[in-house]
Amino acid sequence: MTTPLAPYLPLAVVLLLAGVMGMIIPQVTTRLGPKRPSSTKSAPFEAGSESSGPARQRFAVKFYVIALLFIVFDVEAVFLYPWAVNFQALGWFGYVEMLVFASTLVVGLIYVWKKGALDWES
């Protein structure tokens, strides 16, 4: 006799096994692993270089401006892909709409460029 949940039994077994392994492996490594603390191991490590300066360092606004510009143009790429896939089906209306969208972004890019937001050393 089969139940409607029978196809989900393998998934339940895998999830149960993953949960058990997730609890057992850290316990085994804690008990069996080497315990030789040293000052070198306790020192903070940041991407292969020695850390310097305070942890609460202030960043220039330019970092955030560049990040926002990246997001804006990344979103543009997200909208360009489906438009390119359906280019023929959309016809001239889709072409004009994307032309308006892209020209708005180009005008925004020119404005940001003229304001000097893309000049890193200024």
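Residues numbered from 1 in each chain as written. Predicted model: local features only at pLDDT ≥ 70, side-chain atom pairs only at ≥ 80, totals over all residues. Heavy atoms only, no water.

Here Tyr 81 lies in helix α3 (residues 61-85). Taking the C-alpha atoms as reference points, Tyr 81 and Trp 113, 32 residues apart in sequence, are found 25 Å from one another. (Helix = DSSP H or I, 4+ residues; strand = E, 2+ residues; numbered from the N terminus.)

This brings us to the environment of Gly 108. Mapped onto the elements, Gly 108 comes out in helix α4 (residues 87-115). On a C-alpha basis, the gap between Gly 108 and Leu 69 in space is 9.8 Å, while along the polypeptide they are 39 residues apart.

Moving on to the UniProt feature "transmembrane region" (unreviewed entry) in the protein. Here, the residues flagged by UniProt with the feature "transmembrane region" (unreviewed entry) are residues 6-26, 63-84 and 90-113. Across residues 63-84, helical content stands at 100% and strand content at 0%; the span's end C-alpha atoms are separated by 31 Å. (UniProt positions renumbered as here; feature names shortened; annotations may be inferred.)

Take Glu 76: it is sitting in helix α3. Lys 114 provides the closest opposite charge to the buried, salt-bridge-free Glu 76, at an N-O distance of 19 Å. For Glu 76, the contacting residues outside a window of four places in its chain are Phe 101 and Leu 105. (Buried < 20%, exposed > 50% of the residue type's maximum accessible area, 1.4 Å probe, protein only. Lys, Arg positive; Asp, Glu negative; His and termini not counted. Salt bridge = Lys/Arg side-chain N within 4 Å of Asp/Glu carboxyl O. Contact = heavy atoms within 4.5 Å.)

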